[in-house]
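Secondary and tertiary structure notes
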Amino acid sequence: MKTVQKLIPVSLYDIPGLEAWLEEQANQGLFPTHLGSWATFEDTGVPGTRFRLEPWGKMGDEPPPEQRDLYRQAGWEYKAIICRPYVLFYTTDPDAVELYTDWESRGLSLKRLEKETRICSGLWIARWAILAAAILLFLILPRESHDVQPVSFASLSLMLLMLFHPAILLFLFWGALAFRCWQRDRIALKNTCRALKAGLAPSPSPGPSRVIVREQLLILILIPILLIGLTLLNAENRGDLAVPVEEFSRPYVALQELEQVELISSREVFGDSPFYKGENEGINHFSFLAPMWYEVSQDELEAAEGSHEDSSHDPQGGKYRYSPSLDMTYFRLILPALAKPVARAQLNEYRLVNLWWEYKEVDVPGLDFVILATAQDEPWQMAAIGKGSKVAVFRYAGVERLEEHLDLLSEMVC
């Protein structure tokens, strides 16, 4: 027995059109065993077979024996449920009477299917409403319950860059395409039910459509691509795509260039312990609004011998070895107007939420903006520098003053 699979060229809810198409396949010797994203046939079809799709409940249910016996007496055989909305009845007898004697009773038989489509439409709307609400709450609510300096919508610009990630755009496109197909199916069923309930014949089916076939093919092709893209996006956000900073090829400001003492990487001291994951690594991000977007983290220690049971930013012969750190995020944006909003958003991402930060802007010739931030009574500092479409944002912990190293930091955008 040979199995054949075909994309369905009519709406799954265009019942007259779907029945007519199945009959065309029977004339080619094919009998349906499944209808869904595509149709599956066996080569047991008998030319002249008529099909009637009977709406039924959930997957796994069957029509009651009384209904099957009644239809069998009328010359119609029960196949089984071949997709969620329908069970299939068929006949090879050209004299078999129709299952419904009038259009109104046929319309009543579709009542359950019509109800299910309304529920599905509500679920579509609810899903997108929940997603929109979740994004809004993410932008409004503080990142942490103990955030001492919360700023609503501070991450809006970064959220915009993330929305233009290839995987996110692909997901939105796939969702819009699937919703368009669903709306077409829903409208086709709604129009059919309206006519039948009024005792009228349903509107003629538009018949097979190449547009429907292309849309279904595109949806199927996009599914594995989308899964791969979302998997990579998740790995990117988790930092699984990061590489050791020594192997990172993008330009960055080396922490050693800021410091007055000789430094060595924390990897040399602590090894590749999972406890230090995320240190001394570089990672690329992807967005159509930011063709170049990457982060580099550096955590190093003073090369001089000493205890490193803990870390300290005091290099003056204290109890612990001096261990400065420098994190940097670089953006090259498509729209220069986004430069300053993105810089402020990244500063907010770098902000340690349990500290109070003071911000100031300084004028530097040749640069569009320089924003400096310091945490009160703490060694943490931040700086955001922008020129044209280029932005570099830094977070530093150590004894040096970023304000005194603006010439070095500004090389990233010049």
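Residues numbered from 1 in each chain as written. Predicted model: local features only at pLDDT ≥ 70, side-chain atom pairs only at ≥ 80, totals over all residues. Heavy atoms only, no water.

**Some details on the overall build of the chain**
We count it as follows: Comment: elements are numbered from the N terminus, with helices defined as DSSP H or I runs of at least four residues and strands as E runs of at least two. We call two residues in contact whenever any of their non-hydrogen atoms come within 4.5 Å of each other. What sets the accessible areas is the Shrake-Rupley method with a 1.4 Å probe; for residues, cover comes only from the shown protein chains.
Assigned secondary structure in the chain consists of eleven helices and 15 strands. Sequence separation of 24 or more characterises 64% of the internal contacts of the chain that already satisfy a separation of 6 or more. Total accessible area on the chain is roughly 21,900 Å²; 58% of this is exposed by carbon and sulfur atoms.

**Details of the side chain of Arg395**
Our working definition: Think of it in three bands: residues with accessible area under 20% of the maximum for their type are buried, residues over 50% are exposed, and the middle band is partly exposed, with areas taken using a 1.4 Å probe on protein chains only. Any pair of nitrogen or oxygen atoms within 3.5 Å is treated as a polar contact; in protein, a donor-acceptor pairing is required on top of that, and neighbouring residues in sequence qualify only through side-chain atoms on both sides.
Topologically, Arg395 is positioned in strand β15 (residues 390–397). What makes Arg395 buried here is its relative accessible area of 17%. Among the polar contacts listed, one links the side chain of Arg395 to the side chain of Asp327, at a separation of 2.8 Å. Separated by 2.8 Å, the side chain of Arg395 and the backbone oxygen of Tyr350 make a polar contact.

**Focus on the packing of helix α6 (residues 166–197) against helix α7 (residues 210–238)**
Rules: Axis angles are defined between N-to-C directions and span 0 to 180 degrees, where every axis is a line fitted to C-alpha atoms and, for a helix, only to the segment in contact. For classification, angles of less than 35 degrees are called roughly parallel, those exceeding 145 degrees roughly antiparallel, those between 65 and 115 degrees roughly perpendicular, and all remaining angles oblique. Note on convention: near helix rotated counterclockwise from far helix by under a right angle means a left-handed crossing. Clockwise means right-handed. For this classification, the nonpolar set comprises Ala, Val, Leu, Ile, Met, Phe, Trp, Tyr, Cys and Pro, the charged set comprises Asp, Glu, Lys and Arg, and every other residue, Gly included, is treated as polar.
Here α6 crosses α7 at 150 degrees, and the two axes come no closer than 9 Å. Classed by the angle they form, the pair α6 and α7 counts as roughly antiparallel. Between α6 and α7 the crossing geometry is left-handed. Taken together, the residues of α7 that come into contact with α6 (itself represented by Ala167, Ile168, Leu170, Phe171, Phe173, Trp174, Leu177, Ala178, Arg180, Cys181 and Arg184) are Ile212, Glu215, Leu218, Ile219, Leu222, Ile223, Ile225, Leu226, Gly229, Leu230 and Leu233. Here the contact of α6 with α7 is composed, by residue class, of 18 nonpolar, one polar and three charged.

**Structural notes on a nonpolar patch on the surface**
Heads up, the condition is: Patch definition: residues above 30% relative accessible area lacking any salt bridge, with like charges linked at up to 9 Å and the nonpolar side chains Val, Leu, Ile, Met, Phe, Trp and Tyr linked at up to 5 Å. Salt-bridge detection follows one rule: a side-chain nitrogen of Lys or Arg within 4 Å of a carboxyl oxygen of Asp or Glu.
Residues Leu136, Leu137, Ile140, Leu141, Phe153 and Leu156 make up a contiguous nonpolar surface patch of about 530 Å² in total accessible area. If you trace the backbone, Leu137 turns up in helix α4 (residues 111–140).

**Here we look at the pattern of salt bridges**
Across all of its chains, the model carries 14 salt bridges by this definition. As a salt-bridge pair, Glu98 and Arg52 come within 2.8 Å of each other at their nearest N and O atoms. Of the two residues, Glu98 sits in the loop between β6 (86–91) and α3 (103–109) while Arg52 sits in strand β4 (residues 50–55), which places them 46 residues apart along the sequence. Residue Glu98 is classed as partly exposed on the basis of its relative accessible area, which comes to 37%. Of the charged contacts in the structure, one is a salt bridge between Arg72 and Glu77, with a shortest N-O distance of 3.9 Å.

**Some remarks on the packing of helix α5 (residues 156–163) against helix α10 (residues 339–350)**
Helix packing geometry: the angle between the two helix axes and the distance between the axes. For the pair α5 and α10, interaxial distance at closest approach is 7 Å and the crossing angle is 105 degrees. By the angle between their directions, the pair α5 and α10 is classed as roughly perpendicular. Of α10, the residues touching α5 (which contributes Ser157, Leu158 and Leu161) are Pro341, Val342, Ala345, Gln346 and Glu349. For the contact of α5 with α10, the per-class residue count stands at five nonpolar, two polar and one charged.

**Focus on a positive patch on the surface**
Selection criterion: For this count, His and the chain ends are skipped, Lys and Arg are scored as positive, and Asp and Glu as negative. By convention, the point assigned to a charge is CZ for Arg, NZ for Lys, CD for Glu and CG for Asp.
Taken together, the side chains of Lys111, Arg112, Lys115 and Arg118 make up a positively charged region of the molecular surface. Examined against the element boundaries, Arg112 turns out to sit in helix α4.

**A look at the confidence of the model for the chain**
Note the cut-off: Summary of the metric used: pLDDT quantifies the predictor's per-residue confidence within the range 0 to 100.
Scored by pLDDT, the chain comes out at a mean of 85, with 90% of its residues at no less than 70. The low-confidence segment residues 307–318 (pLDDT under 50) makes 26 contacts with residues lying over four places distant or belonging to another chain.

**Quick notes on the sheet that holds strand β3 (residues 39–42)**
This is how the line gets drawn: DSSP bridges decide pairing: two strands pair if at least two such bridges lie between them.
Reading across the sheet, the three strands line up as β1-β3-β2 and stay open at both edges, with antiparallel pairing between neighbours. The strands lining the two open edges of the sheet, one partner per strand, are β1 (3–6) and β2 (31–35). Averaged over neighbouring strand pairs, the angle between their axes works out to 25 degrees when direction is ignored. Across four bridges, β2 lies against β3 in antiparallel orientation. From the neighbouring strand, Pro32 faces β3, where its bridge partner is Phe41. Across the sheet, helix α1 (residues 15–27) is in contact with β1, β2 and β3; its angle to β3 comes to roughly 35 degrees.

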